[in-house]
Amino acid sequence: MFWVMFLMNLYISVCLYLMIHKKRKIFDDRFSMILSYCISSVSSIAITLHITFLVELDFVQLSIVSSFIGGGIGWLFGSLRTFQSLLAGFSHGMIGGLMGMMLGAVIQDPSLCSLPAYYQRAIELNMVIFSIFTTGLTTMMCGMVYYAFRV
Amino acid sequence: MNVLGVMLYVNALLIVSCYMYVYRDRTLIGFQLGMNISMMAGSFLAMSTGVILIYQFPLQFAMVTIISVFVGMITGSLFGALFDYQTLLTGYVNGVMVGMMAPMIGAAANFNLQFVWLMESVLIISLLLIVSSSRYG
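All values reported here derive from a predicted model rather than from experimental measurement.

A.B. asks: What am I meant to see in the overall build of chain A here?
C.D. replies: Scanning chain A from N- to C-terminus turns up five helices and zero strands. Since a compact globule built from 151 residues should have a radius of gyration of about 15 Å, the 16 Å found for chain A is in line with a globular shape. Each principal axis of the C-alpha atoms in chain A carries an extent, and together these give about 50 × 25 × 20 Å. Long-range pairs, those at least 24 residues apart, make up 78% of the contacts in chain A with a sequence separation of at least 6. As presented, chain A carries roughly 7500 Å² of accessible surface, and 71% of it is formed by carbon and sulfur atoms. Between the averaged position of the 8 positive side-chain charges in chain A and that of its 6 negative side-chain charges there is a distance of 23 Å.

Quick look at the structure:
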């Protein structure tokens with residue numbers, strides 16, 4: 001199930017990138033900055049959360065991988081127009097990647113944040129809830145960006 | 001008396017009165033100031049709400065995170081919708097990110113009651129700054 005959600009997030013991000021890449025001649029630099037930082041933060045949160053659920057690594061390796069992925073997403077979405085959009089997308093993508101990794105680690109081990117310990121079943125339920133929720137956030141962001149080209 | 005519920009109610013009253021104040025002067029505010037206003041209002045309200053809710057319900061981590069994300073999202077979008085569509089997007093994304101972070105910070109603070117007072121004073125100072133900037137900006 002997490003593989004399906006992960007591939008769905010990846011598919012939404014790639015579709016959004018192709019759509020923006022096709023229309024990159026028509027927007028100004030302020031709009032490109034806001035667009036890159038919105039999409040890179042939300043989609044890097046979702047993708048690194050699913051990577052934390054799927055891959056069994058320890059904390060340091062996981063943080064290195066997720067910061068590289070977040071920075072790469074921000075770089076990709078920011079490099080369409082000018083350098084200020086690249087800077088905004090890179091910094092917010094890296095922040096989003098690290099935050100998604102932290103959220104996944106806290107969900108899998110609640111005593112990391114001194115929350116009371118759950119049963120194993122409650123942890124799996126929380127993982128499913130957060131997976132669906134972040135996919136919904138990415139879909140909502142896609143709809144808002146699609147609507148932004150109409151306004 | 002339950003202090004946390006009173007704090008939540010005071011937060012709602014403060015943010016509604018601040019919204020009405022900014023709504024009156026919305027034609028005088030440019031897009032740079034509008035972008036910063038929407039970022040600040042959404043993120044600090046989401047931070048305060050998330051910390052208060054995780055203190056009150058420490059067992060429901062998932063539900064508290066979802067509620068605080070929605071609070072930040074809706075507040076940032078409402079403050080941003082006064083000015084422009086792009087300020088709406090900015091407030092929306094900041095509310096999402098801070099709302100995801102806030103219950104983790106509240107749980108990592110070991111349920112200490114002074115931390116809530118710190119968050120409350122930060123929220124009040126930021127709302128005062130928003131009001132004064134919309135007045136003299």
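Moving on, there is more to tell.
A.B. asks: Just to check I follow, could you spell out a nonpolar patch on the surface for this structure?
C.D. replies: Residue and element names in this part refer to chain A. Where nonpolar side chains cluster on the molecular surface, the patch consists of Phe59, Val60, Ile64, Phe68 and Leu112 and spans about 550 Å² of accessible area. Mapping Phe59 onto the fold places it in helix α3 (residues 59-78). On the basis of relative accessible area, Phe59 is assigned to the partly exposed category, the value being 47%.

A.B. asks: Help me understand the nonpolar core, please; the structure alone is not making it clear to me.
C.D. replies: Soluble globular proteins: nonpolar side chains tend toward being buried together. Judged by nonpolar contacts, the single largest core of 67 residues is most densely connected at Leu103, Leu137 and Met141 of chain A together with Phe61, Val93 and Met100 of chain B. Counting residues per element, this core draws most heavily on helix α2 (residues 29-54) of chain A, at 13 residues. Not counting residues within four places of it along the chain, the set of residues in contact with Leu137 of chain A comprises Val42 of chain A together with Met73, Tyr92, Val96 and Met100 of chain B. Ile15, Ala41, Leu45 and Leu127 of chain B belong to the second largest nonpolar core, which has 13 residues in total.

A.B. asks: What should I look at first to understand the interface of chain B and chain A in this one?
C.D. replies: One frequent convention defines the size of an interface as the accessible area lost when the parts assemble. With 32 residues of chain B at the contact, the number on the chain A side is 33 residues. Considering only the surface of chain B that becomes buried against chain A, Tyr85, Met97 and Met100 of chain B emerge as the three largest contributors, covering 22% of it. Residue Asp84 of chain B is joined to Arg30 of chain A by a salt bridge in which the shortest nitrogen-to-oxygen separation is 3.3 Å. Counting across the chain B and chain A interface gives four residue pairs in polar contact (both at pLDDT 80 or more). Residue assignment for the side of chain B that touches chain A shows that the elements contributing at least two residues are α2 (31-56), α3 (61-80) and α4 (85-108) of chain B. Looking at the side of chain B that touches chain A element by element, the count peaks at 16 residues for α4 of chain B. Grouping the constituent residues of the side of chain B that touches chain A by class yields 25 nonpolar, six polar and one charged.

A.B. asks: Explain the packing of α2 of chain B against α4 of chain B to me, please; I cannot follow it from the model alone.
C.D. replies: The relative placement of two packed helices comes down to the angle between their axes together with the axis-to-axis distance. Residues and elements named next belong to chain B. Packing of α2 against α4 leaves a shortest axis separation of 7 Å and a crossing angle of 25°. Relative to α4, the element α2 lies roughly parallel. Considering only the axes of α2 and α4, their crossing is right-handed. Among the residues making up the contact of α2 with α4, the classes are represented as 14 nonpolar, 11 polar and no charged.

A.B. asks: Even after reading the chapter, I still don't get the UniProt feature "transmembrane region" (unreviewed entry) in chain B, so can you show me in this structure?
C.D. replies: All names here are of chain B. UniProt annotation of "transmembrane region" (unreviewed entry) refers to residues 6-23, 35-55, 61-82, 89-109 and 115-132 when read in the numbering used here. Secondary structure content for residues 35-55 is 100% helix and 0% strand, while the C-alpha to C-alpha distance between its ends is 31 Å. In residues 115-132, the share of helix is 100% and the share of strand is 0%. The end C-alpha atoms are 26 Å apart.

A.B. asks: Help me understand α4 of chain B, please; the structure alone is not making it clear to me.
C.D. replies: Given 3.6 residues per turn, any residue in an α-helix points the same way as the ones three and four places further on. Residue and element names in this part refer to chain B. When the terminal C-alpha atoms of α4 are compared, their 36 Å separation across 24 residues agrees well with the 34 Å that a helix rising 1.5 Å per residue should span. Of all bends in α4, the biggest is about 25°, found at Ala102, and the proline Pro103 comes one to four residues later. Within α4, 21 of the 24 residues are buried, leaving the element largely enclosed by the surrounding structure. Of the residues one or two after α4, Asn110 is the one with positive phi, at around 60°.

A.B. asks: Hey, could you run me through the confidence of the model for chain B in this one?
C.D. replies: In low-pLDDT regions, the fine details of the predicted coordinates are not to be read closely. Here chain B averages 88 in pLDDT, while 99% of its residues score no lower than 70. Confidence, expressed as mean pLDDT per element, reaches its minimum in chain B at helix α5 (residues 113-136) of chain B with 88 and its maximum at α3 of chain B with 91.

A.B. asks: Hey, could you run me through the confidence of the model for chain A in this one?
C.D. replies: With 97% of its residues at a pLDDT of 70 or more, chain A has an overall mean of 86. Per-element mean pLDDT across chain A ranges from 86 in helix α5 (residues 120-148) of chain A up to 89 in α3 of chain A.

Basis of the calculations
- Residues numbered from 1 in each chain as written.
- Chains lettered and ligands numbered in written order.
- Predicted model: local features only at pLDDT ≥ 70, side-chain atom pairs only at ≥ 80, totals over all residues.
- Heavy atoms only, no water.
- Helix = DSSP H or I, 4+ residues; strand = E, 2+ residues; numbered from the N terminus.
- Rg over C-alpha atoms; globule rule 2.2 N^0.38 Å.
- Contact = heavy atoms within 4.5 Å.
- Areas by Shrake-Rupley, 256 points an atom, 1.4 Å probe, with all protein chains shown as cover.
- Lys, Arg positive; Asp, Glu negative; His and termini not counted.
- Charge placed at Lys NZ, Arg CZ, Asp CG, Glu CD.
- Patch = residues over 30% accessible without salt bridge, like charges linked within 9 Å, V, L, I, M, F, W, Y side chains within 5 Å.
- Salt bridge = Lys/Arg side-chain N within 4 Å of Asp/Glu carboxyl O.
- Buried < 20%, exposed > 50% of the residue type's maximum accessible area, 1.4 Å probe, protein only.
- Core = buried A, V, L, I, M, F, W, Y, C linked by side-chain atoms within 4.5 Å.
- Buried area = accessible area lost by both parts, 1.4 Å probe.
- Polar contact = N/O pair within 3.5 Å; in protein donor to acceptor, adjacent residues only side chain to side chain.
- Nonpolar A, V, L, I, M, F, W, Y, C, P; charged D, E, K, R; others polar.
- Axes fitted to C-alpha atoms, helices over the stretch in contact; angles between N-to-C directions.
- Parallel < 35°, antiparallel > 145°, perpendicular 65-115°, else oblique.
- Left-handed = near helix turned anticlockwise from the far one by under 90°.
- UniProt positions renumbered as here; feature names shortened; annotations may be inferred.
- Expected span 1.5 Å × (residues − 1).
- Bend = angle between axes of the 7 residues up to and from the residue.
- pLDDT = per-residue confidence, 0-100.

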